[in-house]
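Residue-level listing of the chains:
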Amino acid sequence: MLKLPATTTRSAYVPLGGGLYTEATGNQVPPGAMIGGENYEPKIGGGYSRIGGYERYDGRFEPSKAQVRLFAPLTTFAACAVGEVLTGATSAATGTVAFVRDGLVALTKTTGTFTAGELLRRGGTDIGLTRNTEPSIDPLELNQVLAAAEDVYRADIGAPPGSGPLRGGAVLAGEVYAFRDNVGATACIAYKATPAGWVAVQQLHEIAFTAGGTAYAEGSTLTRGGVTATVRRAIVETGDWGGSAAGRLIITVPSGSFTAGAATGGGTCTLSGPSTAITLPAGGRWQFVQHNFTGDPARLRLYGCDGRGAPIEFDGAVIAPIKTGMPVGTPAQAVEVHRNHLFLAFEGSVQHSAPADPYRWTPVRGAGELGAGDKVTGLLSVAGQETSSALLIVCRNSSLVLYGTSLADWRLATLSTNAGSKPYTLRQSQMVTALDDQGVRAISPTQAFGNFSFTTLTDTLRRIVVAMEPVASLVDSVNGRYKILTADGYGLSGAPAAEGRMSWGLLNLRKRVSCAFDGEIAGQGAMFFGDDQGMLYRMDRGRGFDGQLVEAWARLSYASLGSPRLRKSFRTVELEMRGESTGQLRTQTDFSFGDVEIQPTVVTAGRFQGPSSLWDVGQWDVGQWDGQYATRVRFRIEGNGANFSLLINSAGRTELPHDIFGMTVNFIPRRGER
């Protein structure tokens, strides 16, 4: 009798992680890494996350927080359309139709409390009686319903008025601000996000003074003759109150035209002439740093530069230009606060204010200047070995580090004569990182000469990264990631890995990006980006890319399961994953490094369950009791070869992100390859 070989099915688990590898091939690429992909981001500790959605933002109700109320008809509903407002005949509660199909109406933007079993009306027209209980629906359809509710709120949100791209933004004390050129592109306007949408920051005036005697308090009145204004900020640039103070007063639009001479009101000084309106130049690119130069918690402020005009101090209401003494037309291109000094970079000159006073720029008060010898692209105050902190001065092709505490003991040391940073990429997250011509580098404290060292972090995808021309970078404090964005919406997302490395994934936001910034809102990290149409978007929010498709894919490395020369009959693969909502994946498999003699599998689809409860959608019966903390999704991968590579694809506008942690492969060992 012919003896057949054993066909025992074996299983092997492959943890996913390591990020994207484009510089290695074959068995050089670790199991679980990606050899291609887009919009799957590495996770700290391993695994990959489908990128979060983003949604437009102006301070109004966020679409991703939309809730729904579901109604099923007692018999049938009359026709109604998305966007129409329905009213409960008994309760007088109202809601806007977000989703409708035969046998189901979903309302959002509800007011009041609907009564079970009541009649729904549209104006004076009856739509139909509702059932006493709210219907349960399939979780995938629930995704569609909630995405439709997001669309209703999204329609209310707009860009800051004006023209052209968004010029920058910042978060201060939980409030969001954005900057955009006006309609004629003659000036840049600051806006605040509010529950009513974007509101322009009040335009103020500034007026120079000398011989300041009694200080003007903020909110006091400035008077000369019959002209008055309210003082919003008193800036002393030289001298002191008591007779020698000179500087500027930031005031409301005066009741008339001030003239030179003695002024009174809430203080005393001599005005130098009429006031002038404070305007910000168009066409800039704003960068900000937060700092409080006083002991008053209410005086946390933003300090910014735009590469076009004078740097500013901004507290959310008052824009105060900072006069450093540099000639008009010599704008700053980088800003930082270090050792309680405000630092600004003007081409190759790094200048700092007096300690604890961002308005004074005279050496007699402790201000100073340092020569960098190259165009400065970034400033960052970091912890160092030699002192408790140091200032990194990163140029386009070189780097320096400033030690000391003040003008009395500054010491400027060369860090590198060939490693620098492209603009907008010097950031501190889990480590200090910057993108230069050799890739993303970590700048780390060390005991060696210079006290800092450079380590390249993107050798696994070097050719892709060195070609990037960034317009922004972000620190994802929630997920521990560092992100770089380019103008065409592509980017890079990295998470710390073992032994000081980082794992990387590629991004595609499908928008033209003009700027990006991050901050903290209600104690949680928040990330934003602006586009070329002037819209601001909050990242990691919502189910789609502002209501549009999110497409993510990952081609995993070829896995030989410990036996690179042994042929195997592959049967199934189970993905271990967790979704924030129920969703679907599609997979396809290649074998033996894509051998053209072996056909890849057909595309197969699988469904995964969402979390164990979704009661936050707002209604008791709209939930999913049978979900799991983590789930396994099985796909058939019938094929033979020494190894296999799984292509994972996710595409949709209604699902929340998901994580994939690993895969279990079921296979039958066959024979060694000849």
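The structure under discussion appears in the preceding block.
Residues numbered from 1 in each chain as written. Predicted model: local features only at pLDDT ≥ 70, side-chain atom pairs only at ≥ 80, totals over all residues. Heavy atoms only, no water.

Student: If you had to explain the overall build of the chain to someone new, which residues and values would you point to?
Tutor: Helix and strand counts for the chain come out as two helices and 52 strands. Out of the 674 residues in the chain, the part that is buried amounts to 54%. Counting only contacts in the chain whose residues sit at least 6 apart along the sequence, the fraction spanning at least 24 positions is 63%. Summed over its atoms, the accessible surface of the chain is roughly 27400 Å², and 51% of this surface lies on carbon and sulfur atoms. On the chain, the mean spot of the 61 positive side-chain charges and the mean spot of the 60 negative ones are 4 Å from each other. (Helix = DSSP H or I, 4+ residues; strand = E, 2+ residues; numbered from the N terminus. Buried < 20%, exposed > 50% of the residue type's maximum accessible area, 1.4 Å probe, protein only. Contact = heavy atoms within 4.5 Å. Areas by Shrake-Rupley, 256 points an atom, 1.4 Å probe, with all protein chains shown as cover. Lys, Arg positive; Asp, Glu negative; His and termini not counted. Charge placed at Lys NZ, Arg CZ, Asp CG, Glu CD.)

Student: Any chance you could break down the sheet that holds strand β5 (residues 54-56) for me, citing the residues and the numbers?
Tutor: Overall, antiparallel pairing links the four strands, which are arranged β5-β45-β44-β43 in an open sheet. Two strands in the sheet have a free side with no partner beyond their single neighbour: β5 and β43 (513-521). The sheet shows a mean angle of 30 degrees between the axes of neighbouring strands, direction not considered. Taken together, the three bridges between strand β44 (residues 524-531) and strand β45 (residues 536-539) define a ladder with antiparallel strand orientation. Opposite Gly530, over in β45, you have Leu536 as the bridge partner. (Pairing = 2+ DSSP bridges. Axes fitted to C-alpha atoms, helices over the stretch in contact; angles between N-to-C directions.)

Student: So what's going on with empty space enclosed by the protein? Residues and values would help.
Tutor: Empty pockets left among the atoms are what a rolling probe the size of a water molecule brings to light. Counted by the stated rule, this structure contains one cavity of 30 Å³ or more. Here the largest cavity defines a volume of roughly 40 Å³. Leu16, Tyr40, Tyr48, Ala554, Leu556, Ile648 and Ile660 are the residues that line the largest cavity. (1 Å grid on protein atoms, 1.4 Å probe; cavity = no way out; pocket = protein on both sides within 12 Å on 5 of 7 lines; lining within 4 Å. Points joined across faces, edges and corners; volume = space filled by probe spheres on them.)

Student: Give a detailed account of helix α1 (residues 139-154), specifying residues and quantitative values.
Tutor: For α1, which comprises 16 residues, the first-to-last C-alpha distance of 22 Å matches the rise-based estimate of 22 Å (1.5 Å per residue) to within 8%. The element α1 is extensively covered by neighbouring structure, given that 14 of its 16 residues are classed as buried. The residue sitting at the N-terminus of α1 and contributing the capping side-chain oxygen is Asp138; that oxygen lies 2.8 Å from the backbone nitrogen of Leu140. (Expected span 1.5 Å × (residues − 1). Polar contact = N/O pair within 3.5 Å; in protein donor to acceptor, adjacent residues only side chain to side chain.)

Student: Outline the side chain of Arg248, supporting the account with residue identities and numerical values.
Tutor: Topologically, Arg248 is positioned in strand β19 (residues 245-251). At 2.8 Å, the side chain of Arg248 and the side chain of Glu237 are in polar contact.

Student: An account of the sheet that holds strand β35 (residues 427-428) is requested, with residue identities and associated values reported.
Tutor: Here four strands make up an open sheet; going across it, the order is β35-β36-β37-β38 and the pairing antiparallel. In this open sheet, the two strands that pair with only one neighbour each are β35 and β38 (452-456). For strand β36 (residues 432-436) and strand β37 (residues 439-445), the ladder comprises five bridges, and the chain directions are antiparallel. Bridging across to β37, Leu435 finds its partner in Val440.

Student: How would you summarise the pattern of salt bridges if you had to cite specific residues and measurements?
Tutor: In the structure shown here, the tally under the stated rule is 45 salt bridges. The shortest N-O distance in the salt bridge between Arg396 and Asp437 comes to 2.9 Å. One end of the pair, Arg396, is in the loop between β32 (390-395) and β33 (399-403); the other, Asp437, is in the loop between β36 and β37, and 41 residues separate them in sequence. According to the relative accessible area criterion, Asp437 is partly exposed, its value standing at 36%. The residue Arg481 makes a salt bridge to Asp476 at a minimum N-O spacing of 3.8 Å. Among the residues examined, Asp476 registers a relative accessible area of 3% and is labelled buried. Among the charged side chains, a network of salt bridges with common partners joins Arg56, Glu150, Asp151, Arg154, Arg543, Asp546 and Arg653. (Salt bridge = Lys/Arg side-chain N within 4 Å of Asp/Glu carboxyl O.)

Student: Describe the packing of aromatic side chains, listing the residues and the values that go with them.
Tutor: Centre distance and the angle of the planes are the two values used to describe a pair of aromatic rings. One pass over the structure, following the stated rule, counts 21 aromatic pairs. When the ring of Phe293 is compared with that of Tyr303, the centres are 5.3 Å apart and the planes differ by 85 degrees; the resulting orientation is edge-to-face. Separated by 10 residues along the polypeptide, Phe293 in the loop between β23 (287-291) and β24 (301-305) and Tyr303 in strand β24 bring together distant segments of the chain. Assessed through its relative accessible area of 3%, Tyr303 is described here as buried. Pairing Phe529 with Tyr537 gives two aromatic rings, centres 5.0 Å apart and planes at 25 degrees, and the pair type is stacked. (Phe/Tyr/Trp six-rings, centres within 6.5 Å; stacked < 30°, edge-to-face > 60°.)

Student: Just give me the short version of unusual backbone geometry, but keep the residues and values in it.
Tutor: Unusually for a residue other than glycine, Ala522 sits at a positive phi of about 55 degrees. Assignment of secondary structure puts Ala522 in the loop between β43 and β44. Of note in the backbone geometry, Leu561 takes a positive phi value of approximately 60 degrees without being a glycine. Relative to the elements of secondary structure, Leu561 occurs in the loop between β46 (550-556) and β47 (566-579).

Student: Can you break down the pairing of strand β20 (residues 261-265) residue by residue, with the values?
Tutor: Relative to β20, strand β17 (residues 221-224) is paired through two bridges, and the arrangement is antiparallel. Looking at β20, one finds that Thr223 is bridged to Thr264. Inspection of the sheet shows β20 paired to strand β21 (residues 269-271) by three bridges, in the antiparallel sense. Bridged to Gly261 within β21 is Leu271. From the end of β20 to the start of β21, which pair antiparallel, there are three residues.

Student: So what about the pairing of β47? Which residues, and what values?
Tutor: Sheet analysis places β47 next to strand β52 (residues 658-672), joined by 12 bridges and oriented antiparallel. Bridging from a neighbouring strand, Glu576 pairs with Gly662 of β52. With nine bridges joining them, β47 and strand β50 (residues 631-641) adopt antiparallel strand pairing. Each bridged residue has a counterpart across the sheet, and for Met577 the counterpart in β50 is Thr631.

Student: Give me the lowdown on the environment of Val394, citing residues and values where you can.
Tutor: Topologically, Val394 is positioned in strand β32. In this structure the C-alpha to C-alpha distance between Val394 and Gly420, which are 26 residues apart in sequence, comes to 5.6 Å. Once you skip the residues sitting within four places of it in the chain, Val394 turns out to touch Val376, Thr377, Gly378, Ser399, Gly420, Ser421 and Leu426.

Student: Requested: an account of the nonpolar core, with residues and values cited.
Tutor: In terms of nonpolar packing, the biggest core is built from 46 residues, with Tyr40, Val440, Leu492, Leu585, Phe644, Leu646 and Met663 touching the most fellow members. In this structure, Val440 is in contact with Thr433, Ala434, Leu435, Thr455, Thr456, Leu457, Thr458, Val465, Tyr482, Ile484, Leu492 and Trp504, ignoring residues within four places of it in sequence. In this structure, Ala170, Cys188, Ile250 and Ile319 belong to the second largest nonpolar core, which totals 21 residues. (Core = buried A, V, L, I, M, F, W, Y, C linked by side-chain atoms within 4.5 Å.)

Student: Can you lay out the state of the cysteines for me, pointing to particular residues and giving the numbers?
Tutor: This model, assessed by the stated rule, comprises zero disulfides. Here Cys395 stays free of any disulfide, with the sulfur of Cys305 as its closest cysteine sulfur at 15 Å. (Disulfide = S-S within 2.5 Å.)

Student: Give a description of the side chain of Asn143 that names residues and reports values.
Tutor: With respect to the secondary-structure elements, Asn143 resides in helix α1. Classification of Asn143 as buried rests on a relative accessible area of 3%. Among the polar contacts listed, one links the side chain of Asn143 to the side chain of Arg543, at a separation of 3.2 Å. Excluding its chain neighbours within four sequence positions, the residues that come into contact with Asn143 are Arg543, Ser581, Thr582, Thr654 and Glu655.

Student: Hey, could you go over the environment of Pro73 for me, with residue numbers and the actual values?
Tutor: Counting through the fold element by element, Pro73 comes out in the loop between β6 (69-71) and β7 (85-88). Of the residues examined, Pro73 reaches a relative accessible area of 6% and is grouped as buried. With 440 residues separating them in the primary sequence, Pro73 and Val513 have C-alpha atoms 46 Å apart. The residues contacting Pro73, other than those within four sequence positions of it, are Gly103, Leu104, Leu129 and Arg131.

Interpretation note: all reported values are geometric properties and have no functional meaning in isolation.
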